[in-house]
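One letter stands for each residue in the lines below.
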Amino acid sequence: MISLREALPADGAPASQDRPDPGGHGELTVLALRARSGTGEALDSLFALTRDDVARFIARRVDPAWVDDLTQETFSRALRGLGRYAGRAPVRAWLFSVARHTVADRYRARNRTPRHDPVDAWAGSATLAEPGRFDEYLALLDLLDALPEDRRTAFVLTQLQGVPYAEAALATGVPIGTVRSRVARGRRDLARMLREAA
């Protein structure tokens, strides 16, 4: 397995397409770009360094029995899409986006599968009596997609993924005040859209 130090250029500086990032996103981006160009060791290291984060991200959204399978599917999709990764977003944010789509696809596929249980076995089920949390999740995704890209990125990074404002500013290449402003405007836009939908 290649070390992060070996993944950097000989002078130790991040690659030119890499934004400086004290949280390690720059080093992961270097690994992703090397993996994209066919370096197998970089790919192995990239996945080893991000697998736990992706699994935790997925675990908060699905039944525990699905986590390993969906984590594997996320990395399979990421591998297929690696050629399109250009380093403009932090690697973890990109992987979380792939994971989010993987989870959504699993729920959609599951809902298309017909039930074979007799009606009596599930008619009084608590899962049917509870509000559809996944429907709310999909509705939130639709609302987030309606935000302008800069506000959506700032909101998702800081409010959903828990990235500190300073790191979000580095990742997006704008001042921290701009990130705060985008988050506030995004929150206001989401509240307005929720009122209009009610």
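Draft legend 1. How the structure looks around the nonpolar core. By size, the foremost hydrophobic cluster in this structure holds 29 residues, and its most contacted members are Ile58 and Val62. Listing elements by their share of this core, those giving two or more residues are α2 (25-36), α3 (40-59), α4 (67-81) and α5 (91-112). Other than its neighbours up to four places away in sequence, Val62 contacts Val67, Leu70, Val103 and Tyr107. Core analysis: the second largest hydrophobic core is formed by 15 residues, Phe155, Val163, Leu190 and Met193 among them.

Draft legend 2. Expanded view of α4. Taking 1.5 Å as the rise per residue, α4 with 15 residues should run 21 Å; its terminal C-alpha atoms sit 21 Å apart, in good agreement. Of all the positions in α4, only Val67, Leu70, Thr71, Thr74, Phe75, Ala78 and Gly81 are classed as buried. Looking straight down α4, one finds that the buried residues subtend no more than 140° of arc, so they occupy a single side. Among the exposed residues of α4, those pointing more than 90 degrees away from its buried face are Asp68 and Arg80.

Draft legend 3. Up close: the pattern of salt bridges. Considering all chains together, one arrives at 11 salt bridges under this definition. A salt bridge links Asp53 to Arg92, with the shortest nitrogen-to-oxygen separation between them at 2.4 Å. One end of the pair, Asp53, is in helix α3; the other, Arg92, is in helix α5, and 39 residues separate them in sequence. Using a relative accessible area of 21% as the deciding quantity, one classes Arg92 as partly exposed. Of the charged contacts in the structure, one is a salt bridge between Asp189 and Arg151, with a shortest N-O distance of 2.5 Å. Separated by 38 residues along the polypeptide, Asp189 in helix α11 (residues 176-197) and Arg151 in helix α9 (residues 149-160) bring together distant segments of the chain. Across this residue pair, the class does not change: Asp189 and Arg151 are buried. Residues participating in the shared-partner salt-bridge network are Glu73, Arg77, Arg80, Asp105 and Arg108.

Draft legend 4. Spotlight on the confidence of the model for the protein. Summary statistics for the protein give a mean pLDDT of 76 and a share of 74% for residues scoring 70 or more. Ranking the elements of the protein by mean pLDDT puts helix α1 (residues 4-7) last with 36 and α4 first with 92. Segment residues 1-24 is flagged for pLDDT under 50; beyond a separation of four residues in sequence, or across chains, it makes 40 contacts in the model.

Draft legend 5. Seen up close, the packing of aromatic side chains. Across all of its chains, the model carries 4 aromatic pairs by this definition. Measuring from ring centre to ring centre gives 5.3 Å for Trp66 and Tyr107, while their planes differ by 55°; the resulting arrangement is tilted. One end of the pair, Trp66, is in the loop between α3 and α4; the other, Tyr107, is in helix α5, and 41 residues separate them in sequence. We classify Trp66 as buried; its relative accessible area is 16%. Relative accessible area serves as the criterion here: at 16%, Tyr107 is assigned to the buried category. For Arg61, the ring lying beneath its charged end belongs to Phe57, and the centroid distance is 3.6 Å. Sitting over the face of the ring of Trp66, Arg106 holds its NZ or CZ atom 5.3 Å from the ring centroid.

Parameters at a glance
- Counting starts from 1 at the beginning of each chain's written sequence and moves along it residue by residue.
- Residues qualify for local features only when their pLDDT is at least 70, as the model is predicted, and side-chain atom pairs are given and counted only at 80 or more; totals for whole chains, interfaces and linings, by contrast, use all residues.
- As a rule here, side-chain values cover all heavy atoms of the structure and leave hydrogens and water aside.
- Residues enter a nonpolar core if they are buried and are Ala, Val, Leu, Ile, Met, Phe, Trp, Tyr or Cys, with the set joined through side-chain atoms within 4.5 Å.
- Note on exposure labels: buried denotes an accessible area under 20% of the residue type's maximum, exposed denotes more than 50%, and partly exposed covers the range between, all computed with a 1.4 Å probe on protein chains only.
- The numbering of helices and of strands both runs from the N terminus, where a helix is a DSSP run of H or I of at least 4 residues and a strand a run of E of at least 2.
- Contacts: residue pairs with any heavy atoms within 4.5 Å of one another.
- For a helix, the expected span equals 1.5 Å multiplied by the residue count minus one.
- This arc corresponds to the set of directions leading from the helix axis out to the C-beta atoms.
- Put simply, a salt bridge is a Lys or Arg side-chain nitrogen that is within 4 Å of an Asp or Glu carboxyl oxygen.
- Known as pLDDT, the predictor's per-residue confidence is scaled from 0 to 100.
- Put simply, two rings from Phe, Tyr or Trp (the six-membered ring, in Trp's case) pair if the centres are within 6.5 Å, and we call them stacked under 30 degrees between planes, edge-to-face over 60, tilted for the rest.
- Counting as a charge over the ring demands two things of the Lys NZ or Arg CZ atom: a distance within 6 Å of the ring centre and an angle within 35 degrees of the ring normal.

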